[in-house]
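Structural overview
Chain by chain, the residues:
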Amino acid sequence: MATKLHIHDEEVSENINLYDLIKGHLLKSLKRLRTHYVDLYYLHRINELVPIEDVAVVMGKLINECLIKGWGLSQVDVDTLDKAHKVTSLTAVQNLYNILERDCEEKIFPYCLENNIGVVPFSPIASGFLSGKITTQTEFEKTDDVRNFVPQLSKENIIGNQPILDILNKFANVKNATPAQISLAWMLKKYPNVVPIPGSKNQERIIENLSAWNVELTDEEFNELQSALNQCEIHGHRGIVETQHQTFSNNWRKE
Ligand SMILES: NC(=O)c1ccc[n+]([C@@H]2O[C@H](COP(=O)([O-])OP(=O)(O)OC[C@H]3O[C@@H](n4cnc5c(N)ncnc54)[C@H](OP(=O)(O)O)[C@@H]3O)[C@@H](O)[C@H]2O)c1
């Protein structure tokens with residue numbers, strides 16, 4: 001079982017006791033989850049008012065107290081990751097990663113592979129876009145559905161990224177799979193330490209996404225897919241605020 005904490009600016013003061021603060025968050029989560037420990041405790045976002053090394057020290061103590069088995073960071077760059085990992089070894093990094101958002105390939109994946117850290121890509125099917133089921137006509141029912149605010153799902157970006165869907169559809173037909181499954185199979189083939197977490201509230205899609213595990217791309221298929229994808233221009237990005245205080249996604253910097 002995994003859960004996260006977020007350190008809000010209002011919680012940070014000059015004489016902050018970080019151990020008490022983080023442990024306080026954790027104990028509340030444990031109570032809500034009705035458990036005595038969690039396997040993985042993530043820091044949801046970096047708060048630049050709090051040195052990451054200090055967070056790492058606290059996470060080390062919580063591991064020693066058997067309240068957590070390991071810890072992770074989310075939406076983190078490689079320098080922060082390195083500072084943290086040198087203090088208390090990390091178990092996992094949960095960053096944005098999918099066919100449309102491949103920044104992690106540059107530094108995060110090589111670092112994690114070298115240091116035995118798992119990568120947990122969030123939004124692995126680009127908020128549903130890579131399933132091919134979202135079109136320019138799609139309207140999300142609920143006004144608070146996050147997909148209403150994802151720039152990558154604007155009409156122009158859906159049209160701009162259509163060549164990527166065409167490629168996924170082609171492979172889906174050949175492999176008797178769905179485009180969502182191909183996009184997950186692609187990253188599972190590409191990295192040995194990746195565990196994507198597609199989100200869905202729909203049982204059928206959950207089963208569809210889980211079955212991506214059974215879609216195995218051969219080396220030849222993977223190379224063909226990869227080189228076709230590399231020729232496509234990416235349009236748009238996923239969101240608005242990357243971390244509390246900074247952005248590091250190349251797609252986002254372009255704008
Ligand atoms: N660490 C972080 O900062 C962070 C940030 C965002 C999200 N996350 C986590 O990452 C996970 C997923 O990310 P995400 O929800 O942003 O993106 P995602 O998994 O790429 O896409 C999820 C969206 O696509 C739809 N979908 C899923 N599978 C589908 C399929 N096979 N066919 C058609 N539509 C499909 C879902 O709608 P339906 O429900 O209608 O199927 C949902 O709205 C969640 O567990 C979330 O908590 C973490």
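Please refer to the structure placed before this passage.
Summarised in this report is the structure supplied together with it. (Residues numbered from 1 in each chain as written. Predicted model: local features only at pLDDT ≥ 70, side-chain atom pairs only at ≥ 80, totals over all residues. Heavy atoms only, no water.)

**Notes on the state of the cysteines**
- With the rule as written, the count across this model stands at zero disulfides.
- Cys-112 supplies the cysteine sulfur nearest to Cys-104, a cysteine that is in no disulfide, at a spacing of 8.1 Å.
- For Cys-112, a relative accessible area of 1% puts it in the buried group. (Disulfide = S-S within 2.5 Å. Buried < 20%, exposed > 50% of the residue type's maximum accessible area, 1.4 Å probe, protein only.)

**Overview of unusual backbone geometry**
- A positive phi angle, near 55°, is found at Arg-34, a position not held by glycine.
- Since its relative accessible area comes to 77%, Arg-34 is described here as exposed.
- For Cys-66, which is not glycine, the phi dihedral falls at a positive 60°.
- Secondary-structure assignment places Cys-66 in the loop between α2 (52-64) and β3 (68-74). (Helix = DSSP H or I, 4+ residues; strand = E, 2+ residues; numbered from the N terminus.)

**Details of the packing of aromatic side chains**
- All told, the structure shown has four aromatic pairs when counted by the stated rule.
- Taking the centre distance of 5.6 Å and the plane angle of 20° together, the rings of Tyr-97 and Trp-186 count as stacked. Here the residue Tyr-97 occupies a position in the loop between β4 (92-94) and α4 (108-114), and Trp-186 occupies one in helix α7 (residues 179-190), the gap between them amounting to 89 residues. Neither residue differs from the other here; Tyr-97 and Trp-186 are each classed as buried.
- Measuring from ring centre to ring centre gives 6.3 Å for Tyr-97 and Tyr-191, while their planes differ by 75°; the resulting arrangement is edge-to-face. Within this pair, whereas Tyr-97 is found in the loop between β4 and α4, its partner Tyr-191 is found in the loop between α7 and α8 (203-210), the two being separated by 94 residues in sequence.
- In this structure Tyr-97 comes out as buried when scored by relative accessible area, which is 0%.
- Through pairs of rings, three or more aromatic residues link up here, namely Tyr-97, Phe-109, Trp-186 and Tyr-191.
- Positioned above the aromatic ring of Tyr-19, the side-chain terminus of Lys-61 is 5.6 Å from the ring centre. (Phe/Tyr/Trp six-rings, centres within 6.5 Å; stacked < 30°, edge-to-face > 60°. Lys NZ or Arg CZ within 6 Å of the ring centre and 35° of its normal.)

**Considerations on the packing of α7 against helix α9 (residues 219-230)**
- The contact between α7 and α9 brings their axes to 11 Å, and the two run at 110°. Here α7 lies roughly perpendicular to α9, going by the angle between them. Of the two possible hands of crossing, α7 and α9 adopt the one that is left-handed. Across the interface between the two elements, Ile-182, Trp-186, Lys-189 and Lys-190 of α7 pack against Asp-219, Phe-222, Leu-225, Gln-226 and Leu-229 of α9.
- Of the residues belonging to the contact of α7 with α9, the class tally is five nonpolar, one polar and three charged. (Axes fitted to C-alpha atoms, helices over the stretch in contact; angles between N-to-C directions. Parallel < 35°, antiparallel > 145°, perpendicular 65-115°, else oblique. Left-handed = near helix turned anticlockwise from the far one by under 90°. Contact = heavy atoms within 4.5 Å. Nonpolar A, V, L, I, M, F, W, Y, C, P; charged D, E, K, R; others polar.)

**Overview of the site of the ligand**
- Ser-123, Gly-199, Ser-200, Lys-201 and Arg-205 are the nearest of the 26 residues found near the ligand.
- Between the ligand and Ser-123 there is a distance of 2.7 Å, counted from an oxygen atom to a side-chain nitrogen or oxygen.
- In the environment of the ligand, an oxygen atom lies 2.6 Å from a nitrogen or oxygen atom belonging to the side chain of Arg-205.
- For the ligand, whose free accessible area comes to 900 Å², the fraction covered by protein is 80%.
- Tallied by class, residues from the shell around the ligand come to seven nonpolar, eleven polar and eight charged.
- For the shell around the ligand, the domains that each give at least three residues are domain 1 (1-94) and domain 2 (125-249). (Near = heavy atom within 4 Å. Polar contact = N/O pair within 3.5 Å; in protein donor to acceptor, adjacent residues only side chain to side chain. Areas by Shrake-Rupley, 256 points an atom, 1.4 Å probe, with all protein chains shown as cover. Domains from an automatic or database assignment.)

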